Amino acid sequence: MKEYVVFLSQMMIWSSFSLIEWLSGRDRPLFRGLLLCIFWYFAFLLARKMGLRTKKAIWVTLLTAIIYFSCQRLVWEA
């Protein structure tokens, strides 16, 4: 159950990342990469604060990011 709540919370984080990335559309790729790293770390910290162990928090964060960005690409290409 914890994993599901973390998954939903991280989906909100990745949605806000997409919004902020869209708002900063003219930034250089380096800064977009830094923004991605910051949001990735924030999502990981959220998972840890919600009670997941480090290894599980890493896997849930990785899985959430993969699912979100895969679905985002499908939606934008459609």
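Structure's up top.
Thresholds applied
Residues numbered from 1 in each chain as written. Predicted model: local features only at pLDDT ≥ 70, side-chain atom pairs only at ≥ 80, totals over all residues. Heavy atoms only, no water. Axes fitted to C-alpha atoms, helices over the stretch in contact; angles between N-to-C directions. Helix = DSSP H or I, 4+ residues; strand = E, 2+ residues; numbered from the N terminus. Parallel < 35°, antiparallel > 145°, perpendicular 65-115°, else oblique. Left-handed = near helix turned anticlockwise from the far one by under 90°. Contact = heavy atoms within 4.5 Å. Phe/Tyr/Trp six-rings, centres within 6.5 Å; stacked < 30°, edge-to-face > 60°. Buried < 20%, exposed > 50% of the residue type's maximum accessible area, 1.4 Å probe, protein only.

Visitor: Can you help me understand the packing of helix 2 (residues 29–49) against helix 3 (residues 54–77) in this one?
Guide: For any two helices packed against each other, the geometry comes down to the angle between their axes and how far apart the axes lie. Here helix 2 crosses helix 3 at 130°, and the two axes come no closer than 9 Å. As the angle between them shows, helix 2 and helix 3 are arranged oblique. Handedness of the helix 2/helix 3 crossing: right-handed. Here Leu36, Trp40, Ala43, Phe44, Ala47 and Arg48 of helix 2 come into contact with helix 3, specifically with Thr54, Ala57, Ile58, Thr61, Leu62, Ala65 and Phe69.

Visitor: What is the right way to look at the packing of aromatic side chains in this model?
Guide: To describe a pair of aromatic rings, one takes the distance between the centres and the angle between the planes. Scanning the entire structure with this criterion turns up six aromatic pairs. Seen in terms of ring centroids, Trp14 and Phe69 are 5.3 Å apart; in terms of plane orientation they differ by 65°. Their pairing is edge-to-face. With Trp14 in helix 1 (residues 2–23) and Phe69 in helix 3, the pair connects residues that are 55 residues apart, well separated along the chain. Relative accessible area serves as the criterion here: at 25%, Phe69 is assigned to the partly exposed category. Between the aromatic rings of Tyr68 and Phe69, the centroid separation amounts to 5.5 Å while the plane-to-plane angle is 80°, which identifies the pairing as edge-to-face. Cluster of aromatic residues (ring-pair linked, three or more members): Trp14, Phe17, Phe39, Trp40, Tyr68 and Phe69.

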